[in-house]
Each structure stands twice: as C-alpha cells, then as structure tokens.
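Fold and geometry: a report
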Amino acid sequence: MLDPERMTLAQWFWLVFIAVLFIFFVCRWIDLYTPVEPITYRPSRLEASLTEPILSLWTDAQAG
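All values reported here derive from a predicted model rather than from experimental measurement.

Attention now moves to the overall build of the chain. Looking only at helices and strands, the chain features two helices and zero strands. When the 64 residues of the chain are sorted by exposure, 2% land in the buried category. By element, 70% of the accessible surface of the chain is carried by carbon and sulfur atoms, the whole surface being about 6,800 Å².

The next thing to look at is the packing of aromatic side chains. Per the stated rule, a full pass over the model turns up five aromatic pairs. Their ring planes at 75° and their centres at 5.1 Å tell us that Phe-13 and Trp-14 sit as a pair that is edge-to-face. Three or more aromatic residues joined by ring pairs form one cluster here, namely Phe-13, Trp-14 and Phe-17.

With that settled, the discussion passes to a nonpolar patch on the surface. On the surface, Phe-13, Trp-14, Phe-17, Ile-18, Leu-21, Phe-24 and Phe-25 cluster together into a nonpolar patch covering about 770 Å² of accessible area. Note on placement: Phe-25 falls in helix 1 (residues 9-33).

Before going further, it helps to examine the pattern of salt bridges. Evaluated as defined, the whole model comprises one salt bridge. Between Arg-28 and Asp-31 there is a salt bridge, and its shortest N-O distance comes to 3.0 Å. Separated by three residues within a single helix, Arg-28 and Asp-31 lie in helix 1, roughly one turn from each other. Taking relative accessible area as the criterion, Asp-31 reaches 49% and is therefore assigned partly exposed.

Rules used throughout
Residues numbered from 1 in each chain as written. Predicted model: local features only at pLDDT ≥ 70, side-chain atom pairs only at ≥ 80, totals over all residues. Heavy atoms only, no water. Helix = DSSP H or I, 4+ residues; strand = E, 2+ residues; numbered from the N terminus. Buried < 20%, exposed > 50% of the residue type's maximum accessible area, 1.4 Å probe, protein only. Areas by Shrake-Rupley, 256 points an atom, 1.4 Å probe, with all protein chains shown as cover. Phe/Tyr/Trp six-rings, centres within 6.5 Å; stacked < 30°, edge-to-face > 60°. Patch = residues over 30% accessible without salt bridge, like charges linked within 9 Å, V, L, I, M, F, W, Y side chains within 5 Å. Salt bridge = Lys/Arg side-chain N within 4 Å of Asp/Glu carboxyl O.

These results come straight from atomic positions and should not be treated as a statement about function.
Here is the structure:
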C-alpha cells in the first residue's frame, strides 16, 4: 500500500501533510501542558514611571 516507488504525488502530499500536522499538534500539546515557573515580575522603568503619580496620590489620600 505505501510502496514509495508506486505512490503518486497526491499520495506523497497527503502522507507528508498528515505527518506535519501530527508533529505540530504533538509539539503544541507538549507546549501547553509543560509546567513553567513564571519569571519574577519586575516592572519596567516606563511602567514604574506611569504608576508613580498614582501611588503618590494614593499615599496622600491615605495620609489625609
């Protein structure tokens, strides 16, 4: 049935297509179900500069 010398181009296409799909879904499944620890979050300078005025308002409100 899968004699490589007698297979047509369409048969080769579907065989390779199914193999690529299978590999893709296996890799995706491994990626989704592999537990990964989160990287320690440290806000960037831009994020810190954007929240600075809000934090100062919050501390003023708490003090006041």
